[in-house]
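# Summary of the model geometry
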Amino acid sequence: MGPHPAVAAIRLAVRRVLHDVLVDSPATSATAQPSPDFPASPASPAAPPQAPAPRGSAPREGRPLVLAACSGGADSMALASALAFEAPRLGLRAGGVTVDHGLQPGSDVRAAEVAERMRELGLAPVESIAVSVGRGGGPEAAARDARYAALDVAAERHHAAAVLLGHTRDDQAETVLLGLARGSGTRSLSGMARVSGTGGRYRRPFLQLDRHTVREACLAQSLPVWDDPHNVDPAYTRSRVRHEALPVLEKALGKGVVEALARTAQLSRDDADALDAWAALAEADILRTTPAPAPGAGSGEPEAVELDTVGLHGLPPAVRRRVLRRAAIAAGAPAGSLFARHIEEVDRLITGWRGQRAINLPGRVEVRREGGRLVIRQG
């Protein structure tokens, strides 16, 4: 008798991602190779999670390492268990990282418990990292920034080929709704990417699985889980979306809203990728950089950017705004502080030129129209 259907689903999702990691990792060229047809895992759910490496594979220390980011919640515990089960069967090492945000009493004790649970699953190395959460961008954004910074450090320290994240289809739907509320455009509506981070470090195997499936997998395996009280705290925007906005939408529009929003994310990502590629090609024709005036040699300031206004005016708005955003960032504007309203103001220097003054952008970047050129420089 095979494993519970939910357990089989999470294992298959993780197995597919691990196969991709093997293909992408240069360390596999002389070690274990993945099976192109995704070989089935042993059927018995009681099989040890860290089985011996297949005969003929590289020694354990020489095999690529994949880490699971685990908070102790159902999504990440299901992820950790599936990684522990599947990784050795594909010639990979499996480890885990938990991040202590320090936002709740006893968080250090809880992080230690989560780390111990991962060790019991057979993950090694396992690490618990305490972080200091700032205030920039709100509590949720600050916690997320601190968490990813810690995961980056852990991945570098252990030379991990990838870090797996337990975001589900429900998380994706919430992300799309949050992006829609911000009015941030197609890229914001594209939600979370299946692969992201430097060199494709972060992988999200569960974006096609719902939250119920991963929780059911935990129950089937008797995995202890921790429910973060912040997930039901209405003080947090995502919590309100999860427990108020989505249920109202499903009541008004019927079941299937989560699936539709997740599908919208993928379609939006495809469109955004295509528009970004178009913008990169257009940029080559209308953009050139010139050395920025500097008080002394070696100032390290970004170059000034000049754009041809006629070429810009001929582009579709979606492409033109992408070119303007790329140019502003190249001139020194911080991407995280550059919003749609900033780009719209710059766009009016192209489409509604009436002799306006220069526009100031975040990062002390100034945008000025000079004849047939749009000049963007920091200073």
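The structure reproduced in this document is the subject of the present report. None of the values given here were measured: they were computed from a predicted structure. Starting from 1, residues in each chain are numbered consecutively following that chain's sequence as written. Note on the predicted model: pLDDT of at least 70 is required for a residue's local features to be given, and 80 or more for side-chain atom pairs to be given and counted; whole-chain, interface and lining totals, by contrast, use all residues. Here the side-chain values reflect all heavy atoms present in the structure, with hydrogen atoms and water set aside.

## Digging into the overall build of the chain
Of regular secondary structure, the chain possesses 12 helices and 11 strands. By the burial criterion, 45% of the 379 residues in the chain qualify as buried. Contacts are assigned to residue pairs that have any heavy atoms within 4.5 Å of one another. Nonlocal contacts in the chain, meaning residues at least 24 apart in sequence, comprise 70% of its contacts between residues at least 6 apart. Summing over all exposed atoms, the chain offers an accessible surface of approximately 18,800 Å²; the carbon and sulfur share of this is 55%. Put simply, DSSP marks the helices as runs of H or I at least four residues long and the strands as runs of E at least two long, and each gets a number from the N terminus on. Accessible area is worked out with a 1.4 Å probe on protein chains only. A residue is then buried under 20% of its type maximum, exposed over 50%, and partly exposed in between. To be clear on the numbers: accessible area is Shrake-Rupley with a 1.4 Å probe, and residue cover counts the displayed protein chains and nothing else.

## Considerations on the nonpolar core
Counting 38 residues, the largest nonpolar core has I10, L18, V66, L83, L164 and F206 as the members making the most contacts within it. Counting residues per element, the ones that place at least two in this core are α1 (5-24), β1 (65-69), α2 (74-86), α3 (107-121), β4 (162-164) and α7 (211-220). At nine residues, α1 tops the list of elements feeding residues into this core. Other than its neighbours up to four places away in sequence, V66 contacts L18, V21, L83, L92, R93, A94, G95, A162 and L164. Only buried Ala, Val, Leu, Ile, Met, Phe, Trp, Tyr and Cys residues count toward a nonpolar core, and they belong to the same one when joined by side-chain atoms within 4.5 Å.

## Some words on the state of the cysteines
The definition used for a disulfide is geometric: two cysteine sulfur atoms within 2.5 Å. Enumeration according to the criterion identifies zero disulfides in this entry. Distance from the sulfur of C70, which forms no disulfide, to the nearest cysteine sulfur (C218) is 9.0 Å.

## Some words on the pairing of strand β11 (residues 373-378)
Here strand β8 (residues 304-308) runs beside β11; their pairing, made up of four bridges, is antiparallel. Note that in β11 the partner of D308 across the bridge is R373. Two strands are said to pair when DSSP picks up at least two bridges between them. Bridge analysis of strand β10 (residues 365-370) against β11 gives six bridges, and the strand direction is antiparallel. By the bridge assignment for β11, V365 is matched with Q378. Adjacent in sequence and paired antiparallel, β10 and β11 are bridged by two residues, among which G371 carries a positive phi angle near 65 degrees.

## Re the packing of α1 against α7
In helix packing, the relevant descriptors are the interaxial angle and the interaxial distance, both defined with respect to the helix axes. Every axis corresponds to a line fitted to the C-alpha atoms, with the helix fit spanning only the stretch in contact, and the corresponding angles, defined between N-to-C directions, vary from 0 to 180 degrees. Where α1 contacts α7, the axes come no closer than 8 Å and their chain directions differ by 115 degrees. Helix-helix and strand crossings are classified by hand; for α1 and α7 the assignment is left-handed. For the pair α1 and α7, contact is made by A6, V7, A9 and I10 and by T213, V214, E216, A217 and A220, respectively. Within the contact of α1 with α7, the residues separate by chemical class into seven nonpolar, one polar and one charged. By definition, any crossing whose near helix is turned counterclockwise from its far helix by less than a right angle is left-handed, and any crossing with a clockwise turn is right-handed. Under the grouping applied here, Gly and all other residues not named as nonpolar or charged are polar, the nonpolar ones being Ala, Val, Leu, Ile, Met, Phe, Trp, Tyr, Cys and Pro and the charged ones Asp, Glu, Lys and Arg.

## Concerning the environment of R377
Along the chain, R377 turns up in strand β11. Along the chain, R377 and A328 lie 49 residues apart, while their C-alpha atoms are 8.1 Å from each other.

## As for helix α4 (residues 139-158)
It helps to recall that an α-helix has 3.6 residues per turn; residues three or four apart then point in one direction. Taking 1.5 Å per residue, 20 residues should reach 28 Å; α4 reaches 29 Å between its end C-alpha atoms and fits that length. A141, A142, A143, A146, Y148, A150, L151, A154 and A155 are the residues of α4 that are buried. Close packing links the buried residues of α4 with β1, β2 (93-100), β3 (126-130), β4 and β6 (202-203). Directly beyond the C-terminal end of α4, a positive phi value near 55 degrees is found at H159. Under the convention used throughout, the expected extent of a helix is 1.5 Å for every residue step, that is, one less than its residue count.

## Observations regarding the packing of helix α5 (residues 169-182) against helix α9 (residues 257-286)
It is at 8 Å that the axes of α5 and α9 come closest, and there the two elements cross at 70 degrees. Classified by the angle between their axes, α5 and α9 sit roughly perpendicular to one another. On the side of α5, the interface is formed by R169, D170, Q172, A173, V176 and L177, while α9 contributes V258, E259, L261, A262 and A265. Here the residues of the contact of α5 with α9 sort into seven nonpolar, one polar and three charged. To sort the angles, those under 35 degrees are grouped as roughly parallel, those over 145 as roughly antiparallel, those from 65 to 115 as roughly perpendicular, and the leftovers as oblique.

## Section: the sheet that holds β2
Pairing is mixed across the open sheet formed by six strands, whose spatial order is β3-β2-β1-β4-β6-β5. The sheet terminates laterally at β3 and β5 (195-196), the two strands that pair on one side only. As paired strands, β1 and β4 are joined by three bridges and run parallel to one another. Across the sheet, V66 pairs through a bridge with A162, a residue of β4. Packed onto the sheet, α4 meets β1, β2, β3, β4 and β6 and runs at close to 140 degrees relative to β3.

## Digging into the side chain of R369
Inspection of the secondary structure assignment puts R369 in strand β10. No salt bridge is formed by the buried R369. Its closest oppositely charged neighbour is D308, at 8.5 Å. Within the local environment of R369, its side chain forms a polar contact with the backbone oxygen of L349, the two atoms lying 2.7 Å apart. Here the side chain of R369 touches G371 through a polar contact of 3.3 Å, landing on its backbone oxygen. If sequence neighbours within four positions are ignored, R369 has contacts with T309, L349, I350, W353 and L374. Residues scored as charged are limited to Lys and Arg (positive) and Asp and Glu (negative), so that His and the chain ends carry no count. In the sections that follow, a salt bridge refers to a side-chain nitrogen of Lys or Arg positioned within 4 Å of a carboxyl oxygen of Asp or Glu. Polar contact is defined as a pair of N or O atoms within 3.5 Å, subject to the rule that within protein one atom must be able to donate a hydrogen and the other to accept it, and that residues adjacent in sequence are counted only when both atoms are side-chain atoms.

## A word on unusual backbone geometry
In this structure, the amide linkage connecting A124 to the following residue, P125, adopts the cis form with an omega of 5 degrees. You can see P125 is positioned in the loop between α3 and β3. The backbone phi angle of H159 is positive, close to 55 degrees, even though this residue is not glycine. Along the chain, the position of H159 falls in the loop between α4 and β4. For H159, a relative accessible area of 67% puts it in the exposed group.

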